[in-house]
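# Working through the structure, step by step
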Amino acid sequence: MTTQVFKAKDVRSAIGLVSEEFGDDAIILSTKRNNGFVEIEASNNNDVLASFPKKEKKDKNFSKIFFKNLNKKTYEFPRTNISKNNSPFSKKSGSEKNFFNQEHFDKLNKQIEDLKNDISGMILTNESSLCDGLSYSTPIELRKARFSSKLINQMRHTFQGKNVEEGKISFFRELSKKLASSDFSRVLNSKNIFIVGNSGSGKSTLVAKLATYISDVKKIKEINFINVSNSTTNHSELLRGYSRVLGFSMIDFKSFNFNDVIENNEKEKVNIFEFSGDISFGLQKINEIRKNYENFDFCTILALQSGSNTEMINGIWSKVSDIKPMIAITKLDECWTGAEELSAIALNKGRIGIVTGTKVIIDSILPTDENSLTKYMKENFQGV
């Protein structure tokens, strides 16, 4: 029965020497590093062992530990002997009452729901923890990139059975399909385009960019800017400046003849409306136009500033969801569009049709598709 010092290059090797020498009865007294080696002082002396009483061993069965920690407030049903004639589901007569009453079932249902919520974010691993060979690692990488856990859970089929890199690319590709608008051609074919969005989202600049893009693609020169605002001038100075520089007409909204446009439907003329102010005002005016001119055909684009947070996106989309506008991500050269924003747009079933910056007007409209969005995600989130 001795006390001995064991030296090794690392802790694991030193503990192995202790186990080999003393077996399971050994107790470690101290551990330190000395000249690059690990020194462990251990003993199997009965007197020493007696001074370090062992703790009572607990059952380490996973299921027992899990349910003990997860469900500490377990409801205990009344204990009773259940026979064929004493079944909790059998009919009782007279004053006899079934001990499984509605209160019991309500508590049981609540416990089941709590259990489902508690294990919803659980991630299983192998004995060496997380590794690239497990698809379970992919959701962790996506969460690190700040994609929504709800979205990851909805799209888990995209990465199951794949390693991390393949799973992430598959997730990006499928998310791009959800986000990319398949209706950009409607912008080119529409004679009336409504631009809405919050103040400061770049609506005026987007109007100018769309006008130059449509003019170049369709070889149309007659494009009108119509500013819709609640100001007395009814004109945006920034939009007026763009109209002068680009050579497009500026029309007063109050004098705009909707009926004439409906009846004539001039093919070589495009009207782009900017709804100034906040989005609520723009939606109010759009609803008035829809009510008063039912046959007036238009498409709507929502200017969404890059860098908008999830709460803002959810709030905006709750207002515009009935008209289902195409989303234009603006000011992309000023602020990064992250995984949180893309998650919020996808969960709201929004569609991105345009991405654009601020500094350049000519050739700055980029129609989005599955490939361009996938490329953006790979470049910005692949290495996260």
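As a reminder, the structure under discussion sits directly above these lines.
The following refers to the structure shown. (Residues numbered from 1 in each chain as written. Predicted model: local features only at pLDDT ≥ 70, side-chain atom pairs only at ≥ 80, totals over all residues. Heavy atoms only, no water.)

### Description of the packing of aromatic side chains
Inspection of every chain in the model, using the stated rule, returns 22 aromatic pairs. Geometrically, the ring pair formed by Phe171 and Phe172 is edge-to-face, given 6.3 Å between the ring centres and 70° between the ring planes. Of the two residues examined, Phe171 and Phe172, each falls in the buried class. Between Phe256 and Phe258, the ring centres sit 4.8 Å apart and the planes meet at 75°, which makes this aromatic pair edge-to-face. Here Phe256 and Phe258 have matching classes, each one buried. An aromatic cluster of three or more residues is present, and its members are Phe194, Phe253, Phe256, Phe258, Phe273, Phe275, Tyr293, Phe296 and Phe298. (Phe/Tyr/Trp six-rings, centres within 6.5 Å; stacked < 30°, edge-to-face > 60°. Buried < 20%, exposed > 50% of the residue type's maximum accessible area, 1.4 Å probe, protein only.)

### A word on the environment of Met312
Positionally, Met312 belongs in helix 13 (residues 310-320). What makes Met312 partly exposed here is its relative accessible area of 37%. Residues Met312 and Glu341, spaced 29 residues apart in sequence, show a C-alpha to C-alpha distance of 9.5 Å. (Helix = DSSP H or I, 4+ residues; strand = E, 2+ residues; numbered from the N terminus.)

### Things to note about the sheet that holds strand 9 (residues 326-330)
Within the open sheet, the 8 strands sit side by side as 6-5-7-4-8-9-10-11. Their pairing is mixed. The open sheet is flanked by strand 6 (249-252) and strand 11 (366-367), the only strands paired with a single partner. The pairing of strand 4 (residues 192-197) with strand 7 (residues 270-275) spans 4 bridges and is classified as parallel. Across the sheet, the residue bridging to Ile195 is Glu274, located in strand 7. (Pairing = 2+ DSSP bridges.)

### Some details on the nonpolar core
Ranked by size, the top nonpolar core spans 48 residues in total, and within it Phe147, Phe171, Leu175, Leu179, Phe273 and Phe296 carry the most contacts. Membership of the second largest hydrophobic core comes to 26 residues, among which are Ile223, Leu239, Phe248 and Ile365. (Core = buried A, V, L, I, M, F, W, Y, C linked by side-chain atoms within 4.5 Å.)

### Quick notes on helix 12 (residues 279-292)
Counted at 1.5 Å a residue, the expected span for helix 12 with its 14 residues is 20 Å, and the 20 Å between its end C-alpha atoms agrees. Within helix 12, the full set of buried residues consists of Ile279, Phe281, Gly282, Leu283, Lys285, Ile286 and Ile289. (Expected span 1.5 Å × (residues − 1).)

### Observations concerning the sheet that holds strand 2 (residues 27-34)
Spatial ordering of the open sheet is given by 1-3-2, a layout of 3 strands whose pairing is antiparallel. Every other strand in the sheet has two partners, leaving strand 1 (3-8) and strand 2 as the edge strands with one partner each. Across this sheet, the average inter-strand angle for adjacent strands is 20°, counted without regard to direction. As paired strands, strand 1 and strand 3 (residues 37-43) are joined by 6 bridges and run antiparallel to one another. Each residue of the ladder has a partner; that of Phe6, found in strand 3, is Ile40. (Axes fitted to C-alpha atoms, helices over the stretch in contact; angles between N-to-C directions.)

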